[in-house]
Amino acid sequence: MSELVLKTEKLDKVYKLGGRKVRALSDVNLQVKKGDFISIMGPSGSGKTTLLNMLGCLDKPTYGKVILDGVDITKVPEKSLYKIRRHKVGFIFQTFNLMPYLNSIENVELPMEGTKKSKDEKMKRARELLKMVGLSEREEHRPHRLSAGEQQRVAIARALANNPAIVLADEPTGNLDSKTGYEIVRLMGKLSTDQGTTIVVVTHDSHVASHAGRILFLYDGRLKPQERRGTHLMGKLACPNCRKEIQPDDTFCPRCGKKL
Amino acid sequence: MRRDDKTTVKEVYYLGVLTRAFRNVSRRKIRVLLVVIALGFSMAIMISIPSGIVANQTATQRLTENYNELINNMQEEINATLTLIEISPSSGFRFGPMPGPGGSESYLDESIISDIESISGVKDVVPFLEKSEGTNETVERFGRAFTFLRPDYTIMGVPLNSSLINNYSILPTNITDGINLKEGDSGVVLLGLNNTEYFGAGVGDTVNILGSDFIVVGVHGASGFREAIVLYMNISDAQMITDLLGKISRLDVYAEDQSDVDGIASTIGAEYPELSVTTASERLSRLQNMQDMYQNTLQNAESTIGQTQTTAFQEIIVALIAASLIVFFTMLYTVRERTKEIGILKAIGFSNWNVMSQFMLEAILISLIAGVVGIVIGSIGAPTLTSLLLPHISMFGTRGGPGSFQGYTNPEVPGAPGSQVATAAPAPQTMLLAFGVAALLGALGSLYPAWRASRTSPMEALRYE
């Protein structure tokens, strides 16, 4: 399991906001192996979504490379990017973003449109995926007749439709209650372990993060090299000893003085 | 189990796009309905105008033919009666050689017949007594009141003398029922087609005319509105019942030879300056005037048609532009409204072309529905639409022109005054064309909005709420 699926090199993103330059990402070096379940945490405005957009070919970095499944996607011309998005990336959104006028099975079939699969193959694949997320009974239901959790399951099935190299999830539990959110995270964890799906989740919910194999922290556009430092409590980083809040930069706990 | 990088995915379309287009169109019913109605009217205009033009051309052609026939008939009649001099009181109104209601109120004394017969070169003199019976009607026009007689029937008293009725055109020739009047008939009448309705009588019945009973011997088939109400009887009977004993309303004087005509006419003119004397040459020149007038009218009609075509062309262009603008703004609004959806579609791997074709397909679908509606509106409403949009072809321009007698218009009379509003149902080819144009409009109008949709950055679009 050492095959690299995703790699970023010196990723920089500079926005121009009202004539002022804002550095959203700076020198981000990230490596994701096949089957990894990675969680990226950080406060609002730290650049989590920017990074995810970069990984999912929705945005281009100012400097640096994004190598996805062996292809430097920053070099792919805009008009061919859809092929990468279609075949290599699966997106899971905070607001589910299902098409309201399509039922579950049609929503899952949607990313397969324009691929070589026959209608029957698409249908079969969509059924399989819905079964995997536990929604076999809900194939004909449109989103408004599904609960929030069920909608997110359909969205997960849709993300997996074209068997992508990587699944990117942006706050997948943000619009769910904690119990449903937990189920969704468990489902993603199960996909990672059972199917070997590579998943990158952006969240500020430590509960979600705790399911991941690796947790990365993003502060002011910089990815902190420390991984698995401290524990997570109520969405915050805490000293494993005294359980008080610590900063990711801290080497020693400011309260109990224990080395982190 | 990952896909090979180099795999180039060929774009293959399944029913998916079309199904989604249908669902999207049906999702916003009210909007689609409004757009379809607006577009439908433009389509209706497009399909009904060309048919209107064709109908106008046909109408003009028919009128031309009618005029030519009328002129030819009159020419023939004049040629056949080269020795005829028509005499009537000059206040009398006569139009052409046809017997008519005239409106003549003044009569001549019978004694004039023998006076004229004594002029050298005169072969025969045929007196007529013509009197219309009906109701007086007053019409207010230009602030003044005009009174005219709306005749129920016209009594035509003719001399029933075999040497006259056999040689000259005195009695109608086309008898549709019964027999014609003959020498010495008295107490009998030959009815016109409309008289049979008015009196409710046919051949063999007795009709009461101005208090006297007459037996109907026949019915003549003259169909013009003036001729169909003329009933013929012996001139002495006519004088009796109309209380015009010894009076006549006009005379036809026949010369021995064509060379005598001018001499006779000038003698009569000198002796009776109050009479209007008309010879064949005058009738010819009158005919010439009439022909000139018809030519002018036809030229006017043709230029009106030219004008009509220009107007129609402009109207079609306006309708086309309006239709594509409707599609344009609707789709622009739709694209804006569905920005988020576009973002999602692009994020999950839709190409620019996928997105663009999706929106264009929806626009074409709406336009095709509008095309059907347009064809329906166009087929039902073509006459109304054309008469609203196209200038009418008015053969005599304004009312009261030559030959038009206010209150008397009959479309069956060739060259009758009045305006023609020519209309026709759209041809199947036009409908088919309209359908094609509808699809084209949908594609054209949605080109830019769909292109804009396809260019939307998925990242920006996803943020859009």
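The structure under discussion appears in the preceding block.
Let us look at the structure shown here.

Conventions used here
- Residues numbered from 1 in each chain as written.
- Chains lettered and ligands numbered in written order.
- Predicted model: local features only at pLDDT ≥ 70, side-chain atom pairs only at ≥ 80, totals over all residues.
- Helix = DSSP H or I, 4+ residues; strand = E, 2+ residues; numbered from the N terminus.
- Buried ≥ 20, exposed ≤ 12 C-beta atoms within 10 Å, placed from the backbone.
- Contact = placed C-beta atoms within 7 Å.
- Pairing = 2+ DSSP bridges.
- Axes fitted to C-alpha atoms, helices over the stretch in contact; angles between N-to-C directions.
- Nonpolar A, V, L, I, M, F, W, Y, C, P; charged D, E, K, R; others polar.
- Parallel < 35°, antiparallel > 145°, perpendicular 65-115°, else oblique.
- Left-handed = near helix turned anticlockwise from the far one by under 90°.
- Core = buried A, V, L, I, M, F, W, Y, C linked by C-beta atoms within 7 Å.

## Observations regarding the overall build of chain B
- Counting its secondary structure elements, chain B contains 12 helices and 14 strands.
- The buried share among the 465 residues of chain B stands at 36%.
- Within chain B, counting contacts between residues at least 6 apart in sequence, those at least 24 apart form 81% of the total.

## Let's talk about the overall build of chain A
- Each helix and strand counted, chain A has 7 helices and 12 strands in total.
- When contacts within chain A are restricted to residue pairs at least 6 apart in sequence, those whose partners lie at least 24 apart make up 63%.

## Thoughts on the sheet that holds strand β10 (residues 222–224) of chain A
Residue and element names in this part refer to chain A.
- Pairing in this open sheet of 6 strands is mixed, and the strands run β6-β7-β8-β3-β9-β10 from one edge to the other. Two strands close off the open sheet at either side, each with one partner strand: β6 (89–92) and β10. For this sheet, the mean angle separating the axes of adjacent strands, direction not counted, is 25°.

## Brief notes about the interface of chain A and chain B
- Residue-level contacts link 27 residues of chain A with 25 residues of chain B.
- The element contributing the most residues to the side of chain A that touches chain B is helix α2 (residues 81–87) of chain A, with 5 residues.
- Each residue belonging to the side of chain A that touches chain B can be placed in one class, and the counts come to 9 nonpolar, 8 polar and 10 charged.

## Here's the deal with unusual backbone geometry
Residues and elements named next belong to chain A.
- Although it is not a glycine, Cys-57 adopts a positive phi angle of roughly 65°.
- Its place among the elements puts Cys-57 in the loop between α1 (48–55) and β4 (63–68).
- Unlike most non-glycine residues, Asn-97 shows phi in positive territory, near 55°.
- The topology assignment puts Asn-97 in the loop between β6 and α3 (104–109).
- For Asn-97, a count of 21 C-beta atoms within 10 Å gives the class buried.

## Quick look at helix α9 (residues 339–347) of chain B
- Burial of α9(B) is extensive: 7 of the 9 residues sit out of reach of the surface.
- Residues of α9(B) that are buried: Glu341(B), Ile342(B), Gly343(B), Ile344(B), Leu345(B), Lys346(B) and Ala347(B).

## Some details on the environment of Glu197(B)
- Examined against the element boundaries, Glu197(B) turns out to sit in helix α5 (residues 193–199).
- A C-alpha to C-alpha distance of 9.7 Å links Glu197(B) and Ile229(B), two positions 32 residues apart in sequence.

## Some details on the packing of helix α5 (residues 148–159) of chain A against helix α6 (residues 178–195) of chain A
Residue and element names in this part refer to chain A.
- In the contact formed by α5 and α6, the axes pass within 10 Å of each other and the chain directions differ by 20°. Overall, the two elements α5 and α6 adopt an arrangement that is roughly parallel. In this structure, the crossing between α5 and α6 has a hand that is right-handed. Of the residues in α6, those in contact with Ala-148, Gly-149, Gln-152, Arg-153 and Ile-156 of α5 are Thr-180, Glu-183, Ile-184 and Leu-187.
- When grouped by side-chain class, the residues that make up the contact of α5 with α6 number 4 nonpolar, 3 polar and 2 charged.

## Topic: the pairing of β6(A)
Residues and elements named next belong to chain A.
- Neither face of β6 is left uncovered, since the one carrying Val-89 and Phe-91 and the one carrying Gly-90 and Ile-92 both have all their residues buried.
- Of the pairings in the sheet, the one linking β6 to strand β7 (residues 166–170) comprises 4 bridges and is parallel in character. Within β7, the residue paired with Ile-92 across the bridge is Ala-169.

## With respect to the packing of helix α2 (residues 29–80) of chain B against helix α11 (residues 428–455) of chain B
Residue and element names in this part refer to chain B.
- Between α2 and α11, the shortest axis-to-axis distance is 10 Å and the interhelical angle comes to 145°. Here α2 runs over α11; the crossing is right-handed. Together, Met-43, Met-46, Ile-47, Pro-50 and Ser-51 of α2 and Thr-430, Met-431, Ala-434, Val-437 and Ala-438 of α11 make up the contact between the two elements.
- Taken together, the residues that form the contact of α2 with α11 break down as 8 nonpolar, 2 polar and no charged.

## A few points about the nonpolar core
- Formed by 114 residues in total, the largest nonpolar core has its most connected members in Ile166(A), Leu168(A), Val200(A), Met43(B) and Phe359(B).
- Looking at which element gives the most residues to this core, the answer is helix α10 (residues 352–389) of chain B, with 14 residues.
- Sequence-distant contacts of Leu168(A), defined by excluding residues within four places in its chain, comprise Leu52(A), Leu55(A), Gly56(A), Val89(A), Phe91(A) and Val200(A).
- Core analysis: the second largest hydrophobic core is formed by 43 residues, Met233(B), Ile248(B), Ile264(B) and Ala265(B) among them.

## Quick notes on the environment of Leu39(B)
Residue and element names in this part refer to chain B.
- By the secondary structure assignment, Leu-39 is in helix α2.
- What makes Leu-39 buried here is the crowd of 29 C-beta atoms within 10 Å.
- For the pair Leu-39 and Gly-374, spaced 335 residues apart in sequence, the C-alpha separation works out to 7.3 Å.
- Beyond its immediate stretch of four places on either side in the chain, Leu-39 contacts Ala-323, Ile-326, Ser-367, Ala-370 and Gly-374.

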